[in-house]
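Descriptive structure summary
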Amino acid sequence: MNTNEITSRLEYKLLQGKLDQDVTGLCFDSRHVKQGDIFVCIRGAVFDSHDALEQIDAGHPSIIIVDKTYELSLSNISSPVVAVSDTRHAKAVVAAAFYGYPSEKLRLVGVTGSKGKTTVATMITAALREAGCKAGSIGSNGVNLGDEILEVANTTPDSDQLQRFLALMVSKGIEYAVIECSSQGLMQHRTDMITFDVGVFLNVQHGDHVGTDEHPTFENYAYCKSLLLRQCRQGVVNLDDKNIDFVVKEATCELITVGHDDTHAATAKLGSTPDYVISKQRTRESNGLIGEEFNLSGKLDDEVYVNMPGEFAALNAAATIAAVDALGLPASAAKEALSHIHINGRVDMIYRTEELSVCIDSAHTRESTRAVLKALRAYEPKRLVCVFGAGGNRDIQRRIGMGESAGKYADFSIITTEHNRFEPFETILEGVKSGLESTGGRYMVIEYRPEAIHYAITHSESGDMIAIIGLGDDKYQHINGVNVPQDDDKCAREAIREWENTHRK
């Protein structure tokens, strides 16, 4: 491959040199440039690689791609240089070319939403496999290739990694890929060069991902979520979401709607009745676990059971069925997969007895905390104990809201750390406490998360349900710039074994 081939779908202006160089790699770190690399300069939150052009040039890359608005002198640069309108988009273009445009060899589903991305992506992947298709997924729980799972740093990986993972799927004979599309991923062009066969919009909630390190306003956040509906052929959207008019306003795809029977869409673009109508939602116990059963009508008339509790379970299941149906695959496969679905770290009941139950979930906002605690109330525990923290360097309303939800829906709370990032635990704690104390809820504070989990389980009362929320299936905490190992599932199981040994005596 040479530079002409790798830039064939890129709009650019050649500033110097010739585009006839061999290309052997991609690089985005100025410290590790090698001869034959394509280097794309990115303005990051901390470092702008445009400022290291001489260091980059010293590695003899095949081409350097820069932002056309960047004022630079090329007098000391010998490598070919091109200018583009957006280097993040350019990064996606050259990465797709370098890996042979793998997205064009797969059928693709993209899933976005403040809540439920991992759940629905996992549901769709399970349904595809139930239908006999070879399917993989990319998201919060890693890159699932069927025979192995690879870790990822972001819900939606950077475009070069995303294209590499898609190429790996193609090499393994995978036919379908389901990708979680975060608002940051869509905003930063990580999914550019991908046209989804089906995009799924679940919801967009206030108090999530708005702040100095993320989106400046809720409107910007919702807008970035809506971008998915401009890069898919068909879009499954949730009519129950109160921001749905804004989200679909500039959609370019065919829209397919899901919602409850009392949904009233305000826009003529969507109509007043969902294509897939949810009604008569009720809880049902199966093998000691509680799930949701509901009737589905419209494009499909059937009764559906999803093996997860909670008010959002039916919407997530309906969106899954609609997506599978849109792909031309049997809805019966989705229905079967939903009946026994299990997702690590998502309302994940890791232990269940009459004396003690322990559930792990990723809830980290006001609404998700409320939703998971309300869902667990269906088990009718004597006490619902919530172990949780709030993320640092995020909108203060998020931690206050989590405190309020815990105070209202749990009988007792243990406040601990979560992803503190660069904020002191004491500052985060004050916000959580202000929300919790406003409800009159009872609580205690144990800063060290493993200790908090251990205490909640080993000091439980008969009939307790322990909800450990915030990290879900994450295996670390971001604290002061370091990824500190933390596995809530492992910590909980160790404490459960100790509790069992005590109670067997």
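Please refer to the structure placed before this passage.
This write-up is about the structure you can find in this document. Keep in mind that what you see is a predicted model, and the values were worked out from it rather than measured.

1. Regarding helix H5 (residues 159-171)
Over its 13 residues, H5 runs 18 Å from end to end, which matches the ideal 18 Å to within 8%, given 1.5 Å per residue. All buried positions along H5 are accounted for by Ser159, Asp160, Leu162, Gln163, Phe165, Leu166, Ala167 and Met169.

2. Side note on the sheet that holds strand E20 (residues 412-415)
Spatially, the six strands line up as an open sheet ordered E17-E18-E22-E19-E20-E21, and their pairing is mixed. With partners counted over all chains shown, the strands left at the sheet margins are strand E17 (348-352) and strand E21 (443-445), one partner each. Each adjacent strand pair in this sheet contributes to an overall mean axis angle of 15°, direction not counted. Bridge count for strand E18 (residues 356-361) against strand E22 (residues 464-469) is six bridges, and the pairing is parallel. In the sheet register, Ser357 faces E22, and the bridge partner there is Met465. Packed onto the sheet, helix H12 (residues 396-409) meets strand E19 (383-388), E20 and E22 and runs at close to 165° relative to E19. Sitting on the sheet, helix H13 (residues 425-437) touches E19, E20 and E21, and the angle it makes with E20 is about 165°.

3. Quick notes on the pairing of strand E12 (residues 232-238)
Judged by how many residues are buried, E12 sits mostly within the fold: six of seven residues are covered. Across five bridges, the pairing between strand E11 (residues 196-201) and E12 is parallel. Across the sheet, Gly199 pairs through a bridge with Gly235, a residue of E12. One ladder, built from five bridges, connects E12 with strand E13 (residues 254-260); its direction is parallel. Along E13, the bridge assignment pairs Val237 with Thr257.

4. With respect to the packing of aromatic side chains
Evaluation of the coordinates by the stated rule reveals three aromatic pairs. Here Phe98 and Tyr99 contribute two aromatic rings whose centre-to-centre distance is 5.1 Å and whose plane-to-plane angle is 90°, an arrangement assigned as edge-to-face. Given a relative accessible area of 26%, Tyr99 falls into the partly exposed group. Taking 6.3 Å as the distance between ring centres and 70° as the angle between the ring planes, the aromatic pair formed by Phe218 and Tyr221 counts as edge-to-face. With Phe218 and Tyr221 both in helix H7 (residues 218-226) and three residues apart, this pair spans about one turn of that helix. When sorted by exposure, Phe218 lands in the same class as Tyr221, which is buried. Geometry around Phe28 places Lys91 over its ring, the cationic atom sitting 4.4 Å from the centre.

5. Examining empty space enclosed by the protein
Counted by the stated rule, this structure contains one cavity of 30 Å³ or more. The volume enclosed by the largest cavity comes to roughly 50 Å³. Lining the largest cavity, in full, are Arg88, Lys91, Asp158, Ser159, Gln188 and Arg190. Split into classes, the residues belonging to the lining of the largest cavity amount to no nonpolar, two polar and four charged.

The rules behind each value
Residues numbered from 1 in each chain as written. Predicted model: local features only at pLDDT ≥ 70, side-chain atom pairs only at ≥ 80, totals over all residues. Heavy atoms only, no water. Helix = DSSP H or I, 4+ residues; strand = E, 2+ residues; numbered from the N terminus. Expected span 1.5 Å × (residues − 1). Buried < 20%, exposed > 50% of the residue type's maximum accessible area, 1.4 Å probe, protein only. Pairing = 2+ DSSP bridges. Axes fitted to C-alpha atoms, helices over the stretch in contact; angles between N-to-C directions. Contact = heavy atoms within 4.5 Å. Phe/Tyr/Trp six-rings, centres within 6.5 Å; stacked < 30°, edge-to-face > 60°. Lys NZ or Arg CZ within 6 Å of the ring centre and 35° of its normal. 1 Å grid on protein atoms, 1.4 Å probe; cavity = no way out; pocket = protein on both sides within 12 Å on 5 of 7 lines; lining within 4 Å. Points joined across faces, edges and corners; volume = space filled by probe spheres on them. Nonpolar A, V, L, I, M, F, W, Y, C, P; charged D, E, K, R; others polar.

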